[in-house]
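Observations on the three-dimensional arrangement
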Amino acid sequence: MSTDSSAVNDIGLALEMTNITKAFPGTIAVQNVTFRAYAGEVHAVIGENGAGKSTLMKILAGAFDDYEGQVSINGRAVQLHSPAVAREYGIGMVYQELSLAGPLSIAENVLVGRLPGRKGLFVDRTALIERARSNLARVGLDIDPRIAVEEISQHEAQLVEIAKVLGRNPCILVLDEPTSALSKEEIDRLFDTIARLRKNGLAIIYISHHLPEIFRIADRVTVLRDGRRIDTCQTSQTTTEQLVKMMVGKAVEELFRQRDHEPGEQALRIEAFTRFGFFHNIDLHVRSGEILGLYGLSGAGRTELARSIMGIDPVDRGSLHLEGRAVVPRSMRQMVDEGLAYLTEDRKLSGLALRLSVRDNVVASTIPSLCRNGWYNSSAARRITQSLIERLHIYPPRDSVTVANLSGGNQQKTLLAKWLAVKPKILILDEPTRGVDINAKVLIHRTIEQMAQQGTAVILVSSDLPEVCSLADRCAVIRMGHVIGEVSGAEITEERLLMLANGEGIEKGAAE
Amino acid sequence: MSEDRTLRQNRFSVLISVLGIYFLAAILLIVGVMVSERFLSAANMLSVVGGVTILGLVAVGAAFVTYSGHFADLSIPTTMAFSGVMAVEALQFGIVAAIFTGLLVGLLIGLINGFVIGKFRANPIVWTLAMAFVTRGLMRWIWSNRQIYPEVEGAATGAGQHFVNLYRYHLLGVIPMTVVVLAAFAIGLHFVMKQSSFGRQLQITGASFEAARLSGINVSRNVGLAFLICAMTAAVAGIFLTSLSRVGAYYMGEGYDFAAVTAVVIGGVTLAGGRGSIVGVIGGVLVIGLMRNVMTLMGIDTFAQTIVTGAVFILAVGIQSNSLRRLGRDDA
């Protein structure tokens with residue numbers, strides 16, 4: 001592992017994190033990471049999901065009080081044990097999810113917590129507007145601060161958020177995936193602002209997994225993988241290929257996998273599937289017994305596509321065929337009756353009813369079939385749930401436990417059990433192992449393979465590269481609402497997918 | 001270890017939420033005995049039960065709205081009044097036509113509420129409040145603020161007397177007809193809530209609307225049906241109330257919305273939806289009846305009783321959301 005050879009010099013060292021380690025029950029999220037950021041540079045931090053980027057930044061934000069290692073800011077050793085302390089030391093965080101209050105004015109949002117008062121009771125409107133205006137000028141945003149935040153564009157809201165953070169005069173600014181919701185022009189304008197802030201002597205830490213952006217904006221880049229720092233280098237002296245290799249790391253042998261059966265008939269086909277603004281002209285098909293990976297970075301339109309196939313969201317154009325028969329998706333109920341199942345991405349909000357028992361959740365989609373003459377057969381429900389609890393090793397193995405009391409992995413298994421209970425012909429999984437422990441992950445993967453083995457057509461939507469590579473028979477890569485490539489068999493490698501998802505290595509003819 | 005503890009707590013809190021209300025009823029019985037020796041007399045007990053049967057009918061229907069996660073139906077009072085007035089108006093065509101017309105009103109209001117709230121996701125509180133306002137206005141306009149009397153409207157056919165007797169009829173001479181009707185509704189709706197396909201799906205809808213929708217449950221239909229059931233029992237209650245008071249008027253049923261929600265909530269159906277049972281709701285209704293009776297025996301006047309009922313409601317909601325929060329279900 002190379003050392004931080006590219007260090008400019010120690011003058012202007014704004015942040016130094018030395019031998020940082022942070023463990024969670026069962027996993028070490030960040031291990032022995034050393035990281036430096038200088039005033040007047042943009043330092044990108046990249047890595048796959050779970051590489052430790054967000055944990056490292058959370059430590060910086062003061063989210064944990066039990067990390068190991070030393071942090072010093074501007075040459076002074078500090079303990080970042082609470083968000084307030086971190087803010088005081090000059091760390092400004094701009095998260096992916098903006099923390100703005102929509103109905104309030106821009107001015108109130110920018111100066112939240114620091115509203116200029118008169119006699120300690122009333123807000124001084126004139127001073128508020130004036131101060132907000134000068135704060136907004138720092139990010140190059142010329143806009144009336146009296147406008148409500150919900151009326152401005154995503155890009156402007158992003159800048160308002162940055163202005164809000166800058167208002168506290170940080171010396172280190174952390175931007176977490178700031179471009180994920182922006183259009184091309186808006187990204188250009190954001191980058192202009194970042195360049196100007198850098199010139200003003202701010203140390204900017206830029207977290208992203210869009211590699212092309214990093215080459216545009218960052219001076220140096222640090223690659224994390226499995227909680228360790230792999231390397232830090234000047235962006236001018238590296239290439240996309242090198243970065244991808246560092247991010248992916250391990251050799252491909254364990255990813256190679258073979259299933260001993262041929263996929264069957266075409267189960268689902270979509271043609272020219274379009275929902276304006278989300279995905280365009282998508283052509284895909286999946287056979288029974290086959291696992292089709294759908295890889296893309298977050299915000300690429302994968303979830304939107306899955307929702308439209310399931311009839312949750314509308315489709316503007318295109319057709320859908322089930323076993324060769326044209327079907328118009330109108331509602332989730334209809335598609336479930338057609339033999340489709342959709343495991344949603346967010347188990348807490350849209351997947352499970354947390355206040356109900358495991359049993360009530362597992363049979364949620366199967367109630368009508370558990371009823372005879374309209375009356376519910378609770379012993380059948382219990383039997384089905386109990387067998388799924390055993391099959392998926394849900395702990396504790398009792399069907400009356402409230403789902404809210406289960407661990408994340410067991411909640412996810414309960415969600416999967418709900419869709420196994422409907423015995424689907426086509427199973428769409430949206431990030432089936434996000435935020436679960438390794439044991440649950442392995443079990444979920446084995447179950448997905450079993451399902452395919454038994455003839456279910458599986459569409460696996462995931463941004464977890466190793467997951468896609470180890471499970472998918474074929475993989476379509478989706479980027480900015482378009483399928484920009486499809487690879488199959490031994491060609492499914494992490495490098496290949498990551499290059500495609502970042503808009504590089506596209507074969508001729510594939511349009512963007 | 002700690003998991004076992006939460007499980008035990010969990011089971012305990014479930015037990016409390018079902019039986020707790022009957023425990024409270026038992027305490028009120030003891031207080032009642034201490035307050036007055038007349039309390040346990042058959043006559044007084046019958047008056048306790050008789051005094052809350054109409055409320056009971058309203059509450060077992062209203063429970064479905066709360067269970068579905070849509071808080072309350074504020075158009076209950078005007079639904080009661082409207083079906084009562086319409087029934088009286090239809091008495092000139094006979095008693096059967098009158099009852100049928102009254103029920104039809106409930107059906108119509110329920111369908112409108114259910115459709116607008118289920119299909120178009122209107123805010124249930126705002127919509128039913130508007131519905132109450134409109135139907136009350138309609139009644140005052142059509143009957144120009146007058147009351148109408150069953151014994152007058154139904155004099156020609158003799159149905160008027162039958163209508164007034166509806167509330168006063170006793171089965172086998174002892175059991176009030178209203179109690180029988182309430183028992184039938186309570187048992188029937190208990191099975192609908194716990195054992196029917198609709199009821200099971202309503203539970204998930206109430207506990208998490210989004211999760212239910214993305215499980216392929218027809219949430220619009222379920223929510224709509226909940227409001228329909230609520231309006232239907234309100235219509236039945238309205239007919240009985242009109243029969244009891246021998247007068248049909250726009251102000252009939254006032255206060256039944258809040259009293260019903262109180263009974264539902266202290267009966268263990270949480271405002272967060274998806275929890276509780278009809279058994280609990282009946283307990284809640286009994287507690288309200290006992291509370292009123294004990295307070296009357298203690299000489300507390302009617303208006304002060306309203307204050308106590310309100311306080312009990314606030315207390316019940318507070319305890320429920322607190323216990324849900326402690327169980328880690330902070331969405332209460």
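Remember, it's a predicted structure, so these values are computed and weren't measured experimentally.

This brings us to the overall build of chain B. Looking only at helices and strands, chain B has 14 helices and 2 strands in total. Against the globule reference of 20 Å for 332 residues, chain B gives a C-alpha radius of gyration of 20 Å, in line with a compact fold. Projected onto its principal axes, the C-alpha coordinates of chain B cover approximately 75 × 55 × 35 Å. Evaluated residue by residue, chain B yields a buried proportion of 52% over its 332 residues. In chain B, the proportion of contacts linking residues at least 24 apart, taken out of those at least 6 apart, comes to 77%.

Residues and elements named next belong to chain A. A complete count under the given rule lists 3 cavities of 30 Å³ or more for this structure. Here the largest cavity is characterised by a volume of approximately 80 Å³. As for the largest cavity, its lining consists of 11 residues, and the residues nearest its centre are Glu48, His209, Tyr295, Leu297 and Ser463. For the lining of the largest cavity, a count of residues per class yields 5 nonpolar, 5 polar and 1 charged. The computed volume of the second largest cavity comes to approximately 60 Å³. For the lining of the second largest cavity, the elements supplying multiple residues, two or more each, are β13 (266-275), α9 (302-309) and β22 (457-462). Considering only residue class, the lining of the second largest cavity consists of 10 nonpolar, no polar and no charged.

The next subject is the interface of chain B and chain A. The figure often quoted for interface size is the accessible area lost as the parts come together. Facing the 35 residues of chain B at the interface are 31 residues of chain A. Summing both partners gives a buried area of about 2700 Å² for chain B against chain A, and 54% of it is carried by carbon and sulfur. The interface formed by chain B and chain A includes 1 salt bridge. One salt bridge in this structure joins B:Arg200 and A:Asp360, with 2.8 Å as the shortest N-O distance. Where chain B meets chain A, there are 9 residue pairs in polar contact (both at pLDDT 80 or more). Going through the elements one at a time, α1 (2-35), α8 (177-195), α9 (197-207) and α10 (209-213) of chain B are the ones with two or more residues in the side of chain B that touches chain A. When residues in the side of chain B that touches chain A are grouped by element, the largest group, 7 residues, is from α9(B).

What follows deals with the sheet that holds strand β12 (residues 228-234) of chain A. All names here are of chain A. Taking strand neighbours across the sheet as the criterion, the 6 strands line up as β6-β9-β10-β3-β11-β12 in an open arrangement whose pairing is mixed. In this open sheet, the two edge strands, each paired with only one partner strand, are β6 (91-94) and β12. Across the sheet, the mean angle separating the axes of adjacent strands is 20° when strand polarity is ignored. In this structure, strand β3 (residues 42-46) lies alongside strand β11 (residues 220-225), joined through 4 bridges in parallel fashion.

All names here are of chain B. Considering the arrangement of structural elements, one finds threonine 270 in the loop between α12 (256-266) and α13 (278-297). Given a relative accessible area of 7%, threonine 270 falls into the buried group. A C-alpha to C-alpha distance of 9.6 Å links threonine 270 and alanine 63, two positions 207 residues apart in sequence.

Residue and element names in this part refer to chain A. One open sheet holds the 4 strands; their spatial order is β14-β13-β16-β17, and the pairing between them is antiparallel. The open sheet terminates on both sides in strands that have one partner only, identified here as β14 (279-287) and β17 (325-326). Where β13 and β14 come together, 6 bridges link them in antiparallel fashion. Within β14, the position partnered with arginine 269 by the bridge is histidine 285. In the packing of α9 onto the sheet, contacts are made with β13, β14 and β16 (317-322), and the angle to β13 comes to roughly 115°.

Residues and elements named next belong to chain B. The full count for this structure, using the stated rule, is 6 aromatic pairs over all chains. Ring plane angle 10° and centroid distance 6.3 Å describe the contact between phenylalanine 64 and phenylalanine 198, whose orientation is recorded as stacked. Here phenylalanine 198 lies in helix α9 and phenylalanine 64 lies in helix α2 (residues 42-67), a separation of 134 residues in the sequence. Here phenylalanine 64 falls in the buried class, since its relative accessible area comes to 0%. Note on tyrosine 250 and tyrosine 251: the rings are 5.5 Å apart at their centroids and 85° apart in plane angle, and the pair reads as edge-to-face.

Turning next to the environment of B:Pro150. Residue and element names in this part refer to chain B. Mapped onto the fold, proline 150 is located in helix α6 (residues 150-153). Residues proline 150 and phenylalanine 82, 68 residues apart in the sequence, show an inter-C-alpha distance of 14 Å. Each residue touching proline 150, except ones within four places of it in the same chain, is listed here: Val88, Leu91, Ala155, Gly160, Phe163, Val164, Arg246 and Val247.

When pLDDT is low, close inspection of the predicted coordinates is not appropriate. All names here are of chain B. Summing up the model confidence of chain B, the mean pLDDT is 89 and the portion of residues at 70 or higher is 92%. Between the elements of chain B, mean pLDDT differs from a low of 71, seen in α1, to a high of 97, seen in helix α11 (residues 219-245). Segment residues 1-7: pLDDT under 50, and 8 contacts once partners within four positions in sequence are set aside and those in other chains are kept. Per-residue pLDDT stays below 50 along residues 328-332; that stretch engages in 14 contacts with residues further than four places along the chain or on separate chains. The ipTM value of the predicted complex is 0.87, and its pTM value is 0.75.

Turning our eyes to something else, we now look at helix α3 (residues 76-89) of chain B. Residues and elements named next belong to chain B. Taking 1.5 Å per residue, 14 residues should reach 20 Å; α3 reaches 20 Å between its end C-alpha atoms and fits that length. Of all 14 residues in α3, 12 are buried; the element is thus mostly enclosed. Every buried residue of α3 is accounted for by Ile76, Pro77, Thr78, Thr79, Met80, Ala81, Phe82, Ser83, Gly84, Val85, Ala87 and Val88.

As a further point, take the packing of α8(B) against α11(B). Residues and elements named next belong to chain B. Following both chains from N to C, one finds α8 and α11 inclined at 175°, their axes separated by 12 Å at the closest point. It follows from the interaxial angle that α8 and α11 lie roughly antiparallel. Along the contact surface, α8 presents Met177, Thr178, Val181, Phe185 and Leu189, while α11 presents Ile229, Thr233, Val236 and Phe240. A class-by-class count of the residues in the contact of α8 with α11 yields 7 nonpolar, 2 polar and no charged.

It is worth spelling out the nonpolar core at this point. For soluble globular proteins, the rule of thumb is that nonpolar side chains tend to be buried together. Ranked by size, the top nonpolar core spans 81 residues in total, and within it B:Ile54, B:Phe64, B:Ile76, B:Met80, B:Tyr256 and B:Ile278 carry the most contacts. When residues of this core are assigned to their parent elements, the largest contribution, 13 residues, is made by α2(B). When neighbours within four sequence positions are excluded, B:Ile278 is seen to be in contact with B:Val60, B:Ala63, B:Phe64, B:Ala186, B:Leu189, B:His190 and B:Met193. Ranked by size, the runner-up nonpolar core spans 65 residues in total, among them A:Ile162, A:Leu197, A:Met247 and A:Val468.

What counts, and at which threshold
Residues numbered from 1 in each chain as written. Chains lettered and ligands numbered in written order. Predicted model: local features only at pLDDT ≥ 70, side-chain atom pairs only at ≥ 80, totals over all residues. Heavy atoms only, no water. Helix = DSSP H or I, 4+ residues; strand = E, 2+ residues; numbered from the N terminus. Rg over C-alpha atoms; globule rule 2.2 N^0.38 Å. Buried < 20%, exposed > 50% of the residue type's maximum accessible area, 1.4 Å probe, protein only. Contact = heavy atoms within 4.5 Å. 1 Å grid on protein atoms, 1.4 Å probe; cavity = no way out; pocket = protein on both sides within 12 Å on 5 of 7 lines; lining within 4 Å. Points joined across faces, edges and corners; volume = space filled by probe spheres on them. Nonpolar A, V, L, I, M, F, W, Y, C, P; charged D, E, K, R; others polar. Buried area = accessible area lost by both parts, 1.4 Å probe. Salt bridge = Lys/Arg side-chain N within 4 Å of Asp/Glu carboxyl O. Polar contact = N/O pair within 3.5 Å; in protein donor to acceptor, adjacent residues only side chain to side chain. Pairing = 2+ DSSP bridges. Axes fitted to C-alpha atoms, helices over the stretch in contact; angles between N-to-C directions. Phe/Tyr/Trp six-rings, centres within 6.5 Å; stacked < 30°, edge-to-face > 60°. pLDDT = per-residue confidence, 0-100. Expected span 1.5 Å × (residues − 1). Parallel < 35°, antiparallel > 145°, perpendicular 65-115°, else oblique. Core = buried A, V, L, I, M, F, W, Y, C linked by side-chain atoms within 4.5 Å.

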